[in-house]
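If you want the building blocks of each chain, they are given just below.
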Amino acid sequence: MTGTDDQIQRSLELDVEAGELWRLMTDSDELATWLGDEVDIDMVPGGGGRVLDDEIERDVLVEQVVDGERISWRWWPRDEPGAASRVELVITARPGGTRLEITETLIAPPVSAHARLAVVGSSLSAIRWDLRTTLMAIGAAATCLAR
Amino acid sequence: MPDPLDAVFGALSDPTRRQVIKALLADGPGTATALARDLPISRQAVVKHLQALDAAGLVEGERVGREVRFRATTAPLTEVSTWIDSVGPQWDERLDRLSRRVP
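Throughout, residues of each chain are indexed from 1 in the direction in which the sequence is written. Just so you know, chain letters begin at A and ligand numbers begin at 1, following the order they were written in. At least 70 in pLDDT is required for a residue's local features to be given in this predicted model, at least 80 for side-chain atom pairs to be given and counted, and no such filter applies to totals for whole chains, interfaces and linings, which use all residues. Only heavy atoms go into the side-chain values, all of them from the structure, while hydrogens and water stay out.

1. A word on the overall build of chain A
At step 1: Helix and strand counts for chain A come out as four helices and eight strands.
At step 2: Counting from the N terminus, the helices are DSSP H or I runs at least four residues long and the strands are E runs at least two residues long. For chain A, the succession of helices and strands along the chain, N to C, is β-β-α-α-β-β-β-β-β-β-α-α.
At step 3: Any residue under 20% of the maximum accessible area for its type is buried, any over 50% is exposed, and the rest in between are partly exposed; the area is computed with a 1.4 Å probe on protein chains only. Considering chain A as a whole, with its 147 residues, one finds that 43% of them fall into the buried category.
At step 4: Excluding contacts between residues fewer than 6 apart, the proportion of contacts in chain A whose partners are at least 24 apart in sequence is 31%.
At step 5: Here chain A has roughly 7300 Å² of accessible surface; of this, 50% comes from carbon and sulfur atoms. A contact between two residues is defined here by any heavy atoms of the two lying within 4.5 Å. To measure how exposed things are, a 1.4 Å probe is used in the Shrake-Rupley method; for residues, cover is taken only from the protein chains shown.

Structural data, given as structure tokens:
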């Protein structure tokens, strides 16, 4: 179990071929057996979708699909569009099977209009970095106060 | 009704406002005048940013004489830590389901 303040990482070794794992990562019916209770994702770059998991409904926007290797999407709870995060799934072959690495990272709000206006003219990556350090500073202060 | 977390991120999407809140976190509570001394913006601009942060619940003002002293509040950010605390277990459950799905 690893990750930073705004990122979690998990990995899993599976005794399946990469092609089979890819199908489990990309086919909505297969995704509905493990990613959530109801899954409908058009797994192509720019594709949309939704995932219902544990009574949380998320909207999905697929960002990157590298056939057989890597998928990333952005998703956010439908009733909390400011809490968008990016999920990245990476498949690598290993002797006898595959390894799946998953990273979910909290990102600066991409989906709210006022936030979009606020970032016009600025570098999004710089904002994300500064936002991260600000959140870390606030998180550290919150931890101190909680003690 | 606007989403509270949306308001928090909206307020923090401005670099100057992040500077303001970082200054309040680093140096403790301060007035708009004091903040304007330390930051490269006018007192008037500081006041506007403090109003935006106040609306998002990220600062709290307390009247001290003729001025209002602001302190950074962390309550809205507990939602962020909730996000972080919930994401890990969610993936543990998903990967557990995936492991059981795979023969």
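Let us keep going from here.
2. Describing the side chain of Thr73(B)
All names here are of chain B.
At step 1: With respect to the helices, strands and loops of the structure, Thr 73 is situated in the loop between strand E3 (67–72) and helix H5 (78–101).
At step 2: At 2.6 Å, the side chain of Thr 73 forms a polar contact with the backbone oxygen of Gly 57.
At step 3: When near neighbours in sequence (up to four residues on either side) are disregarded, Thr 73 contacts Gly 57, Leu 58, Val 59 and Glu 60. Pairing of N or O atoms within 3.5 Å defines a polar contact, subject to two protein rules: one partner must be a possible hydrogen donor and the other a possible acceptor, and residues neighboring in sequence count only if both atoms are side-chain atoms.

3. Some remarks on the pattern of salt bridges
Residues and elements named next belong to chain A.
At step 1: By salt bridge we mean one thing: a side-chain nitrogen of Lys or Arg within 4 Å of a carboxyl oxygen of Asp or Glu. In total, this model carries 21 salt bridges over all chains according to the counting rule given.
At step 2: Among the ionic pairs, Arg 23 bridges to Glu 30, the shortest N-O distance being 3.0 Å.
At step 3: With a shortest N-O distance of 3.8 Å, Arg 99 and Glu 101 are connected by a salt bridge.
At step 4: Several salt bridges share partner residues, and in doing so they unite Glu 13, Asp 15, Arg 94, Arg 99 and Glu 101 into one network.

4. Comments concerning the confidence of the model for chain A
Residues and elements named next belong to chain A.
At step 1: pLDDT: the predictor's confidence for each residue, scored from 0 to 100. Averaged over all residues, the pLDDT of chain A is 80; the fraction at 70 or higher stands at 71%.
At step 2: Element-level mean pLDDT values for chain A span from 37 in helix H3 (residues 113–119) up to 96 in strand E3 (residues 38–41).
At step 3: In the model, residues 109–125 has pLDDT below 50 throughout and makes 17 contacts with residues more than four positions away in sequence or in other chains.

5. Some points on helix H1 (residues 18–26) of chain A
In an α-helix there are 3.6 residues to a turn, and that puts residues three or four apart on one side.
At step 1: The complete set of buried residues in H1(A) reads Leu21(A), Trp22(A), Leu24(A) and Met25(A). Buried positions in H1(A), seen along its axis, are confined to an arc of 160° and lie on one side of it. Regarding the arc, it is the one traced by the directions from the helix axis to the C-beta atoms.

6. Here's the deal with the pairing of strand E2 (residues 59–64) of chain B
Every regular strand shows the same layout, with side chains that alternate between the two sheet faces.
Residues and elements named next belong to chain B.
At step 1: Two strands pair if DSSP finds at least two bridges between them. Note that E2 and E3 share six bridges and pair antiparallel. Bridge pairing in E3 places Arg 63 opposite Val 68.
At step 2: Taking the residues between adjacent antiparallel strands as the criterion, E2 and E3 are bridged by two residues, where Gly 65 takes a positive phi near 60°.

7. Considerations on the environment of Leu61(A)
All names here are of chain A.
At step 1: The residue Leu 61 is located in strand E5 (residues 56–66) in this model.
At step 2: A relative accessible area of 33% means that Leu 61 is categorised as partly exposed.
At step 3: It is 8.7 Å that separates the C-alpha atoms of Leu 61 and Arg 50, two residues lying 11 residues apart in sequence.
At step 4: Other than its neighbours up to four places away in sequence, Leu 61 contacts Gly 46, Gly 47, Trp 73, Arg 74 and Trp 76.

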